[in-house]
Amino acid sequence: EVNGIRVAGGTTTYRNNMIALGDGMIVAIGSAATNSATSGINGIGEGAIIRGCRVARNEQGGISLSNAHGALVTGNTVTYNAFVGIGFSGDGGLIERNTLVGNSGVGISASATTGFGGNVLTGNNSGGSQTSGGVQLGSNVCGNDTACP
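Residues numbered from 1 in each chain as written. Predicted model: local features only at pLDDT ≥ 70, side-chain atom pairs only at ≥ 80, totals over all residues. Heavy atoms only, no water.

### Describing the overall build of the chain
And then number 1: When you go through the chain residue by residue, the secondary structure sums to zero helices and 18 strands.
And then number 2: Relative to its 149 residues, the chain shows a buried fraction of 43%.
And then number 3: In the chain, once contacts between residues fewer than 6 apart in sequence are set aside, the share between residues at least 24 apart is 12%.
And then number 4: Summed over all atoms, the accessible surface of the chain reaches about 6,400 Å², with 49% contributed by carbon and sulfur. (Helix = DSSP H or I, 4+ residues; strand = E, 2+ residues; numbered from the N terminus. Buried < 20%, exposed > 50% of the residue type's maximum accessible area, 1.4 Å probe, protein only. Contact = heavy atoms within 4.5 Å. Areas by Shrake-Rupley, 256 points an atom, 1.4 Å probe, with all protein chains shown as cover.)

Structure (C-alpha cells):
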C-alpha cells in the first residue's frame, strides 16, 4: 500500500496521483487517482480487476486498460477526465456498476466483446453518445434514459 493505494500484481508505479499498472495480473481496489497529467489508472494485462476507485480530473482518460482480456471494472466513480471515462481493449471483459460523469469523451469505450451493465453515465461527451462499442448487458442509465445510445 502506497499513499492509501492498494495495488497488487504486475509492475506498479504511483506518481503524481497516477497509477500505472504493468503487464501481468493487476488489481486496484479502493484507490484514488486524481489530477494527474496522464490517465488516472493505466493497465495492461489479462484478468485485471479495478474496483471501488475514485478517478477524477485527469488530463487524459480516467481508466485505460489495454489487452485486458477477461478484466473486471466495477464500482468505480470516474468524473471530469479530459478524455474517455473508461477505455477498454481486450476480449470478454465486464464493465459494471460504475458512475461516469462529465468526462470529455464518451463514458465507456469498449471492445466489441466487452459487456457493460448497471452503469450510470451522465454528461459525458458534451451530452452526446455516452458509450462506444461493447455489448450492453441489462440496463445502464444515460442521463434520464435507461437505454444508452
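Read on for the rest.
### Topic: the nonpolar core
And then number 1: If you look at the biggest cluster of nonpolar residues, it comprises 23 residues, and the most contacted ones within it are I50, I63, L65, V73, F88 and I95.
And then number 2: Considering each element in turn, this core owes the most residues, three residues, to strand β15 (residues 108-117).
And then number 3: Beyond its immediate stretch of four places on either side in the chain, V73 contacts I50, I63, L65, I86, F88, L94, I95, E96 and N98. (Core = buried A, V, L, I, M, F, W, Y, C linked by side-chain atoms within 4.5 Å.)

### Considerations on the environment of G93
And then number 1: Within the secondary structure, G93 is located in the loop between β12 (86-88) and β13 (94-96).
And then number 2: When the C-alpha atoms of G93 and A71 are compared, they prove to be 4.7 Å apart, with 22 residues separating the residues in sequence.
And then number 3: Leaving out residues up to four positions away in the same chain, G93 has contacts with G70, A71, F88, T113, T114 and G115.

### Description of the environment of F83
And then number 1: Among the structural elements, F83 can be located in the loop between β11 (77-79) and β12.
And then number 2: Relative accessible area serves as the criterion here: at 48%, F83 is assigned to the partly exposed category.
And then number 3: The spatial distance from the C-alpha of F83 to the C-alpha of G102 is 9.9 Å, given a sequence separation of 19 residues.
And then number 4: What F83 contacts, discounting residues up to four positions off in sequence, is E59, Q60, G61, N103, S104 and G105.

### Some thoughts on the pairing of strand β6 (residues 41-44)
And then number 1: Burial along β6 is one-sided: the residues I41 and G43 are buried and none of N42 and I44 is.
And then number 2: Looking at chain direction, β6 and strand β9 (residues 63-66) are connected through four bridges and run parallel. Opposite N42, over in β9, you have S64 as the bridge partner. (Pairing = 2+ DSSP bridges.)

### Things to note about the environment of E96
And then number 1: By the element assignment, E96 lies in strand β13.
And then number 2: For E96, a relative accessible area of 18% translates into the label buried.
And then number 3: Considering only alpha carbons, one finds E96 and T74, 22 residues apart in sequence, at a separation of 4.9 Å.
And then number 4: The contact partners of E96, leaving out residues within four places of it in the chain, are L72, V73, T74, G75, G117 and N119.

### With respect to the sheet that holds strand β5 (residues 32-34)
And then number 1: Strand order in the open sheet formed by six strands is β5-β8-β11-β14-β16-β18, and the pairing between neighbours is parallel. Looking at the sheet topology across the chains shown, the edges are occupied by β5 and β18 (141-142).

### Topic: the confidence of the model for the chain
And then number 1: Mean pLDDT over the chain: 82, with 79% of residues reaching 70 or higher.
And then number 2: Taken element by element, the predicted model of the chain shows its lowest mean pLDDT in strand β2 (residues 12-15) (44) and its highest in strand β14 (residues 99-101) (98).
And then number 3: Between residues 1-18, whose pLDDT stays under 50, and residues either more than four places distant or in other chains, the model counts 50 contacts. (pLDDT = per-residue confidence, 0-100.)

### A short note on the pattern of salt bridges
And then number 1: In the structure shown here, the tally under the stated rule is one salt bridge.
And then number 2: Linking E96 and R97 is a salt bridge whose minimum nitrogen-to-oxygen distance equals 3.4 Å. (Salt bridge = Lys/Arg side-chain N within 4 Å of Asp/Glu carboxyl O.)

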